[in-house]
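A structural walkthrough
For reference, the chains in residue letters:
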Amino acid sequence: PKYPATMPGGQQPQKHYGITSAISLAPPREIDHQYTKKLCDAMKPFGVFEDEEELNHRLAVLGKLNNFVKEWIAEISELKNLPPSVISCVGGKIFTFGSYRLGVHTKGADIDALCVAPRHVERSDFFQSFFEKLKQHEEIKDLRVSLMNFTVFVIKIDLLFARLALQSIPDNLDLRGDSILRNLDIRCIRSLNGCRVTDEILYLVPNKENFRLTLRAIKLWAKRRGIYSNMLGFLGGVSWAMLVARTCQLYPNAVAATLVHKFFLVFSKWEWPNPVLLKQPEDSNLNLPVWDPRVNPSDRYHLMPIITPAYPQQNSTYNVSTSTRTIMSEEFKYGLSVTDEILQGKAEWSKLFEPPNFFQKYKHYIVLTASASTEENHLEWIGLVESKIRVLVGNLERNEYITLAHVNPQSFPGSKENRNENDFVSMWFIGIIFKKVENAESVNIDLTYDIQSFTDTVYRQANNINMLKDGMKIEATHVKKKQLHQYLPPELVQKKKRVRYLPVHDGTNPLSFLDALMVLISKVLPYCLFIFPPFFFSTEHSRAMVILEILKVCPQIIHPDLILSLAHCEEPPVKAKPPSPPASSSITTVLSGCVKPNATSSPREEPNGLEDSVNGAPAKRPHSPTQEELAKRHKDTEVRRVSSSQGRSLKVWICSEHNCHAE
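So, here is what we can say about the structure in this document. (Residues numbered from 1 in each chain as written. Predicted model: local features only at pLDDT ≥ 70, side-chain atom pairs only at ≥ 80, totals over all residues. Heavy atoms only, no water.)

**So, the overall build of the chain**
From N to C terminus, the chain includes 18 helices and 13 strands. Residue burial in the chain is summarised as follows: out of 663 residues, 46% are buried. Counting contacts in the chain only where the partners sit at least 6 residues apart, residues at least 24 apart contribute 73% of the total. Of the roughly 35400 Å² that the chain leaves accessible, carbon and sulfur atoms contribute 51%. (Helix = DSSP H or I, 4+ residues; strand = E, 2+ residues; numbered from the N terminus. Buried < 20%, exposed > 50% of the residue type's maximum accessible area, 1.4 Å probe, protein only. Contact = heavy atoms within 4.5 Å. Areas by Shrake-Rupley, 256 points an atom, 1.4 Å probe, with all protein chains shown as cover.)

As structure tokens, then:
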């Protein structure tokens, strides 16, 4: 849009960013700056900021690598008999991209870099003579030629290569212009794409510092919530960067705390598969394939398109599946509810970065195991297996009895009980939600084809690239939640204890503060209730005395937040015979208008099959429970849990070449 030279009052017009106008141009308030400072403080314990010394160390390493590349290109030029006048100015340069170029890298993170060479340097030169030159330097370690990554002075470098149709590479070369792509092969164009996209993102945001701090927060949140992995069908770093950049365009004057909240607001309501664009796509007449669903039928099936801003425009999220989009959409909504609380002063930023309990979320899991006989083979093998897990997720999603397949991006070492002593083992866990089948007493679900198709794909790929060696194996097993302890340490599978909230009515009358407290204690503190004499709970004792005595006797059992809630609670007014609540009413509050269930509970917590409901206040016990009563209580709970399954049984079959088993 065209703006007048000046706006009313002599102010300069705000620059227009993105494909639409901004939602809000409001400047930040003082409280927004305060929330931003608190956000920074909450992120520091996670190591997202490097100190000055570490930053300078990275710059020094990149400087040495840049000089190293120039030396190598000069040597190659001499070997190819170029004239001395050309060799003296042939140049060569290292460019960076990814999180380091965006300025959001974390402590110990690797650096994504690109080696740009002139036209007479071949790709084969890079993987042969340059590799040999690297091997001669003692400070360069862990060198792998297949991926060209290595470590220089503790800094890990992932290095790509591109040669341009230029006689020399000047130090002031700018890669943003589309003309630089002319007469290049597709491999070089792909290598250049990372740098070009990163530079374009930085160019298209209104305030780089606000963008960087917001992106640090969103990347940390995504990693903590288990949705940061392009390979497994979630979003990778560049996709998260583009979503944050679009938020910055819509709120160009906002600071990081506001932008984090607006990020969740915008994308919790985004109508996918409408694409996210940072600018209108442009055609540079170079006849390169670009993302365009009007022309390319396959592009119409992308579920969550986020389009790179540099030519040739591509969808960075083509790996997203139905399940991963569902999971991320729920996480956007959860993030919005948490940031709402934070900006209302009801929660701290640390709550946003609390991880979900993946191993309590589902009733059924697939355990995928990759093993190899040597450590070197294992590293290559798990890289290939992990890159194909999304194939397994796709197979499971197409099964008519499965509604969601949620892969945990984190891999785990194999337990000693489930592997050979000399094997190197990695495990991934996929949470499964099975479709409820109406009017069926027994359901048999065969996953053999889904898993066999996946393993065939992995073995075929390994054969094609000559990777497959003796001892490389894949196994898949279906387990229930209660069996996870056989594969994982106890701290990962134990359910976090939560205070259960109790009703405010005893079936006929509202409960007074002390009566409600008695009910609470009888539920939460069965071993503490009768430490106190009955007269202690008479109305002549103040609530402060009650709370203090409980804290003295049972300091580790009562949650302090609950005590604070009770301490600030007003006694409910007594009404004459209010109507009794229905027998099936669910638990809502501890005391009327005071303590409520957490409205921001983690998304998609699958029910365990045992619903809690209370029909009035429980009868008080005359004594502490005996061992026999405890055993009976446990048995009764198990009976209720079994009877709640509505009489249906579920068997999941997985057949291998030698046998079949059901869970």
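**Points about the sheet that holds strand 3 (residues 140–144)**
Reading across the sheet, the five strands line up as 1-2-5-4-3 and stay open at both edges, with mixed pairing between neighbours. At either end of the open sheet lies a strand with only one pairing partner, and these are strand 1 (93–97) and strand 3. The average undirected angle you get between the axes of adjacent strands in this sheet is 30°. Summarising the sheet, strand 1 and strand 2 (residues 111–117) pair through five bridges and their orientation is antiparallel. Note that in strand 2 the partner of Phe-97 across the bridge is Asp-112. Here helix 2 (residues 52–79) sits on the sheet in contact with strand 1, strand 2, strand 4 (149–152) and strand 5 (155–163), set at roughly 140° to strand 1. (Pairing = 2+ DSSP bridges. Axes fitted to C-alpha atoms, helices over the stretch in contact; angles between N-to-C directions.)

**Some words on the packing of helix 7 (residues 208–224) against helix 8 (residues 237–250)**
The N-to-C vectors of helix 7 and helix 8 enclose an angle of 135°; their axes lie 10 Å apart at closest approach. The angle between helix 7 and helix 8 places the two elements in the oblique class. Helix 8 is crossed by helix 7, and the crossing has right-handed handedness. Here helix 7 contributes Phe-211, Thr-214, Leu-215, Ile-218, Trp-221 and Ala-222 to the contact with helix 8, which in turn contributes Trp-240, Ala-241, Val-244, Ala-245 and Cys-248. Considering only residue class, the contact of helix 7 with helix 8 consists of 10 nonpolar, one polar and no charged. (Parallel < 35°, antiparallel > 145°, perpendicular 65-115°, else oblique. Left-handed = near helix turned anticlockwise from the far one by under 90°. Nonpolar A, V, L, I, M, F, W, Y, C, P; charged D, E, K, R; others polar.)

**Focus: the nonpolar core**
Membership of the largest hydrophobic core comes to 107 residues, with the highest contact counts inside it found for Phe-211, Trp-221 and Trp-240. Two domains each donate at least three residues to this core, and these are domain 1 (33–46 + 205–353) and domain 3 (358–492). Aside from chain neighbours lying at most four places away, what touches Trp-240 is Leu-215, Ile-218, Trp-221, Ala-222, Ile-227, Tyr-228, Leu-235, Phe-263 and Phe-332. Within the second largest apolar cluster, 26 residues are counted, among which are Ile-73, Ala-117, Leu-134 and Val-152. (Core = buried A, V, L, I, M, F, W, Y, C linked by side-chain atoms within 4.5 Å. Domains from an automatic or database assignment.)

**Focus on the packing of aromatic side chains**
Tallying each qualifying case throughout the model produces 29 aromatic pairs. Taking the centre distance of 5.9 Å and the plane angle of 75° together, the rings of Phe-263 and Phe-332 count as edge-to-face. Of the two residues, Phe-263 is situated in helix 9 (residues 256–268) and Phe-332 in helix 10 (residues 322–343); the sequence distance between them amounts to 69 residues. Under the relative-accessibility criterion, Phe-263 is labelled buried at 0%. Judged by centre distance (6.1 Å) and plane angle (80°), the ring pair of Tyr-362 and Tyr-365 falls under edge-to-face. In this pair, the class of Tyr-362 matches that of Tyr-365, namely buried. Here the aromatic residues Trp-221, Trp-240, Phe-263, Phe-264, Phe-267, Trp-270, Trp-272 and Phe-332 are joined through ring pairs into a cluster of three or more. The ring centre of Tyr-203 lies 4.1 Å from the NZ or CZ of Arg-176, which sits over that ring. (Phe/Tyr/Trp six-rings, centres within 6.5 Å; stacked < 30°, edge-to-face > 60°. Lys NZ or Arg CZ within 6 Å of the ring centre and 35° of its normal.)

**Points about unusual backbone geometry**
In this model, Trp-272 is joined to Pro-273 through a cis peptide bond whose omega is 10°. Note that Pro-273 resides in the loop between helix 9 and helix 10. Omega for the peptide link from Tyr-311 to Pro-312 comes to -5°, which places this bond in the cis form. Position of Pro-312 among the secondary structure elements: in the loop between helix 9 and helix 10. Despite not being glycine, Asn-183 has its phi angle at roughly 65°, a positive value. Structurally, Asn-183 is set in the loop between strand 5 and helix 6 (186–204).

**Looking at empty space enclosed by the protein**
Applying the stated criterion across every chain yields a total of one cavity of 30 Å³ or more. Empty space within the largest cavity amounts to approximately 40 Å³. Taken together, Leu-277, Leu-278, Lys-279, Gln-280, Pro-281, Ile-307, Thr-308, Pro-309 and Gln-313 form the lining of the largest cavity. Looking at the lining of the largest cavity residue by residue, the classes come out as five nonpolar, three polar and one charged. (1 Å grid on protein atoms, 1.4 Å probe; cavity = no way out; pocket = protein on both sides within 12 Å on 5 of 7 lines; lining within 4 Å. Points joined across faces, edges and corners; volume = space filled by probe spheres on them.)

**Points about the pattern of salt bridges**
If charged atoms from side chains of opposite charge come close, those side chains can pair. Scanning all chains against the criterion turns up 17 salt bridges. The shortest N-O distance in the salt bridge between Asp-125 and Lys-80 comes to 2.8 Å. Here Asp-125, found in helix 5 (residues 123–135), pairs with Lys-80, found in the loop between helix 2 and helix 3 (84–87); they are 45 residues apart in sequence, far enough to count as distant. Residue Asp-125 is classed as buried on the basis of its relative accessible area of 13%. Under the relative-accessibility criterion, Lys-80 is labelled partly exposed at 34%. Note that Lys-279 and Glu-200 form a salt bridge whose closest N and O atoms lie 3.1 Å from each other. Here Lys-279 is found in the loop between helix 9 and helix 10, whereas its partner Glu-200 is found in helix 6, with 79 residues between them in sequence. The buried category is assigned to Glu-200, whose relative accessible area is 6%. By sharing partners, the salt bridges in this structure join Lys-37, Asp-41 and Lys-44 into a single network. (Salt bridge = Lys/Arg side-chain N within 4 Å of Asp/Glu carboxyl O.)

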